[in-house]
Amino acid sequence: MRKIICSFPRQTGSYLFDQKYRAGKIELELVPQGNLAERIRAAGAGVGAFFTPTGYGTPLAEGKEVRELDGRLQVLEYPIKADFALIKCHRCDRMGNLLYRKTARNFGPIMATAAETTIVQTDGLVGIGDLDPEAIVTQSIYVNRLVEIPRLSRAQQPAQKEA
Amino acid sequence: MSTLVTASEPLTHQQMAEMAARDIPAGAYANLGIGLPTTISNYLDANHRVILHTENGMLGMGPEAHSDRSDPELINACKIPVTELPGASYFHHADSFAMMRGGHLDVCVLGAYQVSKTGDLANWSTGAPGAIPAVGGAMDLAIGAKSVAVMMRLRTREGESKFVQKCTYPLTGVACVSRIYTDLAMFLIEPEGVRVRSYHGITHEELKKLIGFTLLHPEAPIRP
């Protein structure tokens, strides 16, 4: 791994990144979390770039184009696309429609839209038509591969399979 | 709310949280930052009807979950298991941050390393060598919430004021803070200058000496 784009690269128990970062062996692009989310959403929605007040006047906006819009100074931000997204969901049907559970929704829905290939881990695979069409959060058009890992057997590290 | 109060003792963290809680309007949508501000939720009773937002994707966050009810998929931004209140909702990060960035949140209360007299906020980095930089959602809250308050101890361990003429730490946001709750005084940052709403175990003169810049005279007329 050469570079990480992240808003909060600190976690209890995380040591690999810390070591590499301190040794200068990995590049970190630190991004305000809302800019990170919006840049991912922009990538998925085909938006070329956008201006936002977040980060204006801070070191994280240094060197970036600034424009006054709607009476506020705003910073130009570009989309973040990915080759692969690895996403966890709660329920998934065999077409790749996804439901998430509580705060585990996270960046999942937007990363699914921003990646060339979206790989989904699900707690439970269900049949086509079993999910309420009104409730589906991520639509199958964004999903390429499914891996079912039931919650009970999570500790057993099952082999990956393609659906 | 603007009545001048003078108390003989500095406020405890609990008293600061209680004061900040009283200032959150009933029915407001609010985000309470990591650290000291989190304790404000202990003083929001049901009459307040304040709806708490957590940036990892939830409105209607309830109190911390007890271990028997804790759910690893129901956590706050500090990864602490929490509960959901009736009417709660979940959403992804882009929607969650749109609530802040789009100006929908009424109030946020953040911790700080420094605040400047014009409301600049520094709360994500001290620039210490070797530290892993991390920012999270602080910059989005700082520019996005309709009202941004800070809750902090007024002095560093070395006894220096954290309310300063100009921040020396890297900024989180420019001219975004409008009120500061500290153990020694509660400040309002207004277009005319900084007004002290209450003193706690410190006189006006001592406070002026500590922070090193001019405060609006305590008797100066309150802005309508």
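Computed from a predicted structure; not experimentally measured.

About the thresholds
- The residue numbers shown here count from 1 along each chain, following its written sequence.
- Chains carry letters and ligands carry numbers; both start at the beginning, A for chains and 1 for ligands, and go up in the order they are written.
- Per-residue local features of the predicted model are confined to residues with pLDDT of at least 70, and side-chain atom pairs are confined, for both listing and counting, to 80 or more; whole-chain, interface and lining totals are unaffected and use all residues.
- One requirement defines pairing of two strands: DSSP has to find at least two bridges between them.
- Working definition: helices are DSSP H or I runs of at least four residues, strands are E runs of at least two. Numbering for both runs from the N terminus.
- Any pair of residues counts as being in contact when their C-beta atoms, constructed from backbone geometry, are within 7 Å of one another.
- Charged residues are taken to be Asp, Glu, Lys and Arg, nonpolar residues to be Ala, Val, Leu, Ile, Met, Phe, Trp, Tyr, Cys and Pro, and polar residues to be all remaining types, Gly included.
- Domain borders in the structure are assigned automatically or taken from a domain database.
- Here a residue counts as buried when 20 or more other C-beta atoms sit within 10 Å of its C-beta, as exposed when there are 12 or fewer, and as partly exposed otherwise, the C-beta atoms being derived from the backbone.
- Within this analysis, the arc is defined by the directions that extend from the helix axis to the C-beta atoms.
- The path from the first strand over the helix to the second decides the hand: if it runs clockwise while the strands point away from the viewer, the crossover is right-handed.
- Axis angles are defined between N-to-C directions and span 0 to 180 degrees, where every axis is a line fitted to C-alpha atoms and, for a helix, only to the segment in contact.
- For classification, angles of less than 35 degrees are called roughly parallel, those exceeding 145 degrees roughly antiparallel, those between 65 and 115 degrees roughly perpendicular, and all remaining angles oblique.
- Crossings are assigned a handedness: left-handed for a near helix turned anticlockwise from the far helix by less than a right angle, right-handed for a clockwise turn.

1. Let's talk about the sheet that holds strand E8 (residues 121–122) of chain B
All names here are of chain B. In space, the 3 strands of this open sheet follow the order E8-E7-E10, with mixed pairing throughout. The open sheet is flanked by E8 and strand E10 (163–164), the only strands paired with a single partner. Two elements, strand E7 (residues 114–116) and E8, share 2 bridges in a ladder whose sense is antiparallel. Pairing of Val 115 across the sheet is with Leu 121, part of E8.

2. Section: the interface of chain A and chain B
The interface of chain A with chain B comprises 34 residues on the first partner and 30 residues on the second. Mapped by element, the contributors of at least two residues to the side of chain A that touches chain B are helix H1 (16–22), helix H2 (33–45) and helix H3 (108–114) of chain A. Residue composition of the side of chain A that touches chain B, by class: 15 nonpolar, 11 polar and 8 charged.

3. Concerning the domain arrangement of chain A
All names here are of chain A. Looking at the assigned domains, one finds that chain A contains domain 1 (3–77) and domain 2 (82–156). Computed over C-alpha atoms only, the centres of domain 1 and domain 2 are separated by 26 Å. Contacts between domain 1 and domain 2 engage 5 residues on the former and 5 residues on the latter.

4. Examining helix H1 (residues 13–23) of chain B
All names here are of chain B. Among all positions in H1, only Met 16, Ala 17, Ala 20 and Ala 21 are buried. Angular distribution of buried residues about the axis of H1 spans 135 degrees; they occupy a single face of the element. Away from its buried face, by an angle of more than 90 degrees, H1 presents the exposed residues Gln 14 and Arg 22. Buried residues along H1 sit against strand E6 (107–110), strand E9 (147–151) and strand E11 (179–181).

5. Notes on the pairing of strand E1 (residues 3–6) of chain A
Residues and elements named next belong to chain A. When E1 meets strand E2 (residues 27–30), the two strands line up parallel, connected through 4 bridges. From the neighbouring strand, Lys 3 faces E2, where its bridge partner is Glu 27. The parallel pair E1 and E2 is bridged by H1, and the resulting crossover is right-handed.

6. Quick notes on the pairing of strand E3 (residues 51–54) of chain B
All names here are of chain B. Judged from the 2 bridges that link them, strand E2 (residues 29–32) and E3 form a sheet pairing that is parallel. Of the residues in E3, the one forming a bridge with Tyr 29 is Ile 51. Taken together, E3 and the strand that follows it, strand E4 (residues 58–64), pair antiparallel across an intervening segment of 3 residues, in which Gly 57 is found at a positive phi of about 120 degrees.

7. Let's talk about the sheet that holds strand E4 (residues 66–69) of chain A
Residue and element names in this part refer to chain A. Spatially, the 3 strands line up as an open sheet ordered E3-E5-E4, and their pairing is antiparallel. Looking at the sheet topology across the chains shown, the edges are occupied by strand E3 (50–52) and E4. Sheet twist, expressed as the mean angle between neighbouring strand axes with direction ignored, is 45 degrees. Both E3 and strand E5 (residues 72–77) contribute to a ladder of 3 bridges, which runs antiparallel. Among the inter-strand pairings, Thr 52 is bridged to a residue of E5, identified as Val 75. Relative to the sheet, H2 contacts E3 and E5, its axis offset from that of E3 by approximately 165 degrees.

8. Focus: the environment of B:His66
Looking at where B:His66 falls in the secondary structure, it is placed in the loop between E4 and strand E5 (82–90). Through-space distance from the C-alpha of B:His66 to that of B:Val82 is 8.2 Å; in sequence the pair is 16 residues apart.

9. Some details on the environment of A:Leu36
Residues and elements named next belong to chain A. Within the element layout of this structure, Leu 36 appears in helix H2. Residue Leu 36 is classed as buried on the basis of its C-beta count, with 27 C-beta atoms lying within 10 Å. As for Leu 36 and Ile 80, which are separated by 44 residues in sequence, their C-alpha atoms are 7.9 Å apart. Discounting residues that sit within four places of it in the chain, Leu 36 has contacts with Ser 7 and Val 31.

10. Observations regarding the packing of H2(A) against helix H2 (residues 93–101) of chain B
Two elements in contact, H2(A) and H2(B), have axes separated by 9 Å at closest approach and are oriented at 125 degrees. With respect to each other, H2(A) and H2(B) are oriented oblique. Both H2(A) and H2(B) take part in a crossing whose hand is left-handed. Judged by residue contacts, A:Gln33, A:Gly34, A:Ala37, A:Glu38, A:Ile40 and A:Arg41 of H2(A) engage B:His93, B:Ala94, B:Phe97, B:Met100 and B:Arg101 from H2(B). Grouping the amino acids of the contact of H2(A) with H2(B) by side-chain chemistry returns 5 nonpolar, 3 polar and 3 charged.

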